[in-house]
Amino acid sequence: MGYPDTFEGFCVDGPATWSTFKRAELTPKPFGERDIDVQIEACGVCGSDVHTVTGGWGDYTGPLCVGHEVVGRAVRVGAGVRSGIQQGDRVGVGAQVHACLRCRLCTASPRTEECYCPHEMVDTYNAQYPDGSWAHGGFASHIRAHDFFVFKIPDALETTAVAPLLCAGITTYAPLARAGVGPGKRVGVVGVGGLGHLALQWARALGAETYALTHSPGKADDARELGAKDVIVTSIGDDGDGDGDGKWAEPWKYTFDLVLNCADATDKFDLPTYFSLLKPGCDFHMVGIPDRPLPELSAGAFAANGAKLTGSHLGNHQEMEDMLRLAADKGVRAWVETIDISEKGCKEAVERVKDNKVRYRFTMTGFDKAFKA
């Protein structure tokens, strides 16, 4: 067949062959009056893609097409679309493509919570719609999504650099915005990587005094360029677990209004040491999600300063729009390497992301060559 009945994508069959991609035909959900089809021009490669294809977040059966940092052109716009998006507009799709938009979370005021919809939450890939059809990701020729989850991209933002904002960007921006980060606030960002390098930029753009916490001293110059006032090296006294001896934290106790954890090795952290950095009653907030459980904690770990351990999932529609405007206004950009999409390119990208051999995100390009009309 072919578009619009079917899409093409690069897929994996299962965790045992997680980096072996093959071209496959994909059947999208039936087109609805509020749906938009996007012909893809670029797609970021997210750590979530790697956690998924490796089976780290659970088993799956392929063919599975990942990718949820999509930028492209709207080529088909449903008659009931309410967003103002028109055919030909450059748009983005993130890590969610559907929700019920009727429940008390989806209609909450003044801030909707569709990213937590308990009824019809559909992730961009490896997820089913209520009618039983499957959502397919952005390592593909096209993507189909409800217009509420399709966003017009500001002209000031370059396609390859904006793509990672559709997941990594909103994942780090939303908790900072919800915490009221701004002038007079002091924020620590744990991990200078795919998430953390954006979190540092957001915190600075919002006006906070921003610090980077990293076990890699070699990233200090990058962290400062990204917006950190200072860099706290957490591997001092490292005994082999990468988490240091805890003495690094002494000068910084009771300092931060928020510590945003962007690392996915939290299972190895001495979390009480990180909690000690917080002012009383403040949050150690997790957006980096490891494959393994967190270390065991006693209630006493929270009692010393009333620390809170929190986390979040993506962000809502308004936060995505606010984030894109802030990126355009303040020059927030993902630091990306580009790679042409193909079986070989997809393999290289996910393997290098898994091995932390990218500075700091990949964006897949060359979709016009891979999927010729």
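The coordinates are above.
Calculation notes
- Residues numbered from 1 in each chain as written.
- Predicted model: local features only at pLDDT ≥ 70, side-chain atom pairs only at ≥ 80, totals over all residues.
- Heavy atoms only, no water.
- Helix = DSSP H or I, 4+ residues; strand = E, 2+ residues; numbered from the N terminus.
- Buried < 20%, exposed > 50% of the residue type's maximum accessible area, 1.4 Å probe, protein only.
- Contact = heavy atoms within 4.5 Å.
- Areas by Shrake-Rupley, 256 points an atom, 1.4 Å probe, with all protein chains shown as cover.
- Lys, Arg positive; Asp, Glu negative; His and termini not counted.
- Charge placed at Lys NZ, Arg CZ, Asp CG, Glu CD.
- Axes fitted to C-alpha atoms, helices over the stretch in contact; angles between N-to-C directions.
- Parallel < 35°, antiparallel > 145°, perpendicular 65-115°, else oblique.
- Nonpolar A, V, L, I, M, F, W, Y, C, P; charged D, E, K, R; others polar.
- Pairing = 2+ DSSP bridges.
- Salt bridge = Lys/Arg side-chain N within 4 Å of Asp/Glu carboxyl O.
- Core = buried A, V, L, I, M, F, W, Y, C linked by side-chain atoms within 4.5 Å.

**Student:** I'd love a proper account of the overall build of the chain, names of residues and values included.
**Tutor:** Helix and strand counts for the chain stand at 10 helices and 19 strands. Counting only C-alpha atoms, the chain reaches 65 × 45 × 35 Å along its principal axes. Looking at the 373 residues of the chain, the share that counts as buried comes to 56%. Within the chain, contacts between residues separated by at least 24 positions form 71% of all contacts whose residues are at least 6 apart in sequence. Just so you have it, the chain exposes about 15700 Å², and 48% of that area is on carbon and sulfur atoms. Looking at the chain, you have 38 positive and 49 negative side-chain charges, and the mean spots of the two groups are 3 Å apart.

**Student:** Describe the packing of helix α3 (residues 168-178) against helix α8 (residues 317-330), and please don't skip the residues or the numbers.
**Tutor:** Orientation of α3 relative to α8, taken along the N-to-C sense of each, is 100°, at an axis distance of 10 Å. Regarding the angle of α3 to α8, the classification is roughly perpendicular. Contact with α3, carried on its side by Gly169, Ile170, Tyr173, Ala174 and Arg178, involves Glu319, Met320, Asp322, Met323 and Leu326 of α8 and no other residues of that element. Its residues placed into classes, the contact of α3 with α8 shows 6 nonpolar, 1 polar and 3 charged.

**Student:** Before we move on, could you go through the sheet that holds strand β12 (residues 186-190) and cite the residues and values that matter?
**Tutor:** The pairing of strands in a sheet happens through backbone hydrogen bonds and is either parallel or antiparallel. The parallel open sheet is built from 6 strands, whose spatial order is β14-β13-β12-β15-β16-β17. The open sheet has two edge strands with one neighbour each: β14 (230-233) and β17 (308-311). Averaged over all adjacent pairs, the angle separating strand axes in this sheet is 25°, with direction ignored. Strands β12, β13 (209-214) and β15 (256-261) of the sheet are contacted by helix α4 (residues 196-205), whose axis makes an angle of about 165° with β13.

**Student:** Requested: an account of α3, with residues and values cited.
**Tutor:** Burial of α3 is extensive: 9 of the 11 residues sit out of reach of the surface. Looking at α3, one finds that the buried residues are Ala168, Gly169, Ile170, Thr171, Thr172, Tyr173, Ala174, Pro175 and Leu176. Considering only its buried residues, α3 is in contact with β12, α4, β15, β16 (278-286), α8 and β19 (361-365). Positioned one or two residues after α3, Gly180 has a phi angle of 70°, which is positive.

**Student:** A description of the pattern of salt bridges should follow, citing residues and the corresponding values.
**Tutor:** One pass over the structure, following the stated rule, counts 23 salt bridges. Connected via shared salt-bridge partners are Arg111, Glu113, Arg178 and Glu319.

**Student:** Describe in detail the pairing of strand β1 (residues 7-11), supporting the description with residues and values.
**Tutor:** Counting buried residues along β1, 4 of its 5 residues qualify, which places the element largely inside the surrounding structure. Strand direction decides the pairing type here: β1 and strand β2 (residues 22-26), joined by 5 bridges, are antiparallel. Paired with Phe10 across the bridge in β2 is Arg23.

**Student:** Kindly report on the pairing of β15, identifying the contributing residues and their values.
**Tutor:** In terms of burial, β15 is a largely internal element, 6 of the 6 residues being buried. Pairing between β12 and β15: 4 bridges, direction parallel. When the bridges of β15 are listed, Val187 appears paired with Leu258. Across 5 bridges, the pairing between β15 and β16 is parallel. Bridge pairing in β16 places Asn261 opposite Met286.

**Student:** Quick one: what's the story with the nonpolar core, residue by residue and with numbers?
**Tutor:** In this structure, Val45, Val93, Phe139, Ile341 and Met364 are the most contacted members of the largest nonpolar core, which totals 47 residues. It is strand β3 (residues 35-45) that contributes the most residues to this core, 5 residues altogether. Each residue touching Ile341, except ones within four places of it in the same chain, is listed here: Phe10, Phe139, Ala140, Cys346, Met364, Thr365, Gly366, Phe367, Ala370 and Phe371. Residues Leu157, Ala205, Ala228 and Val287 belong to the second largest nonpolar core, which totals 44 residues.

**Student:** Outline the environment of Arg224, supporting the account with residue identities and numerical values.
**Tutor:** Tracing the backbone through its elements, the reader meets Arg224 in helix α5 (residues 220-226). Residues Arg224 and Ile289, 65 residues apart in the sequence, show an inter-C-alpha distance of 25 Å. In this structure Arg224 touches Asp230 and Val231, once residues within four positions along its chain are discounted.

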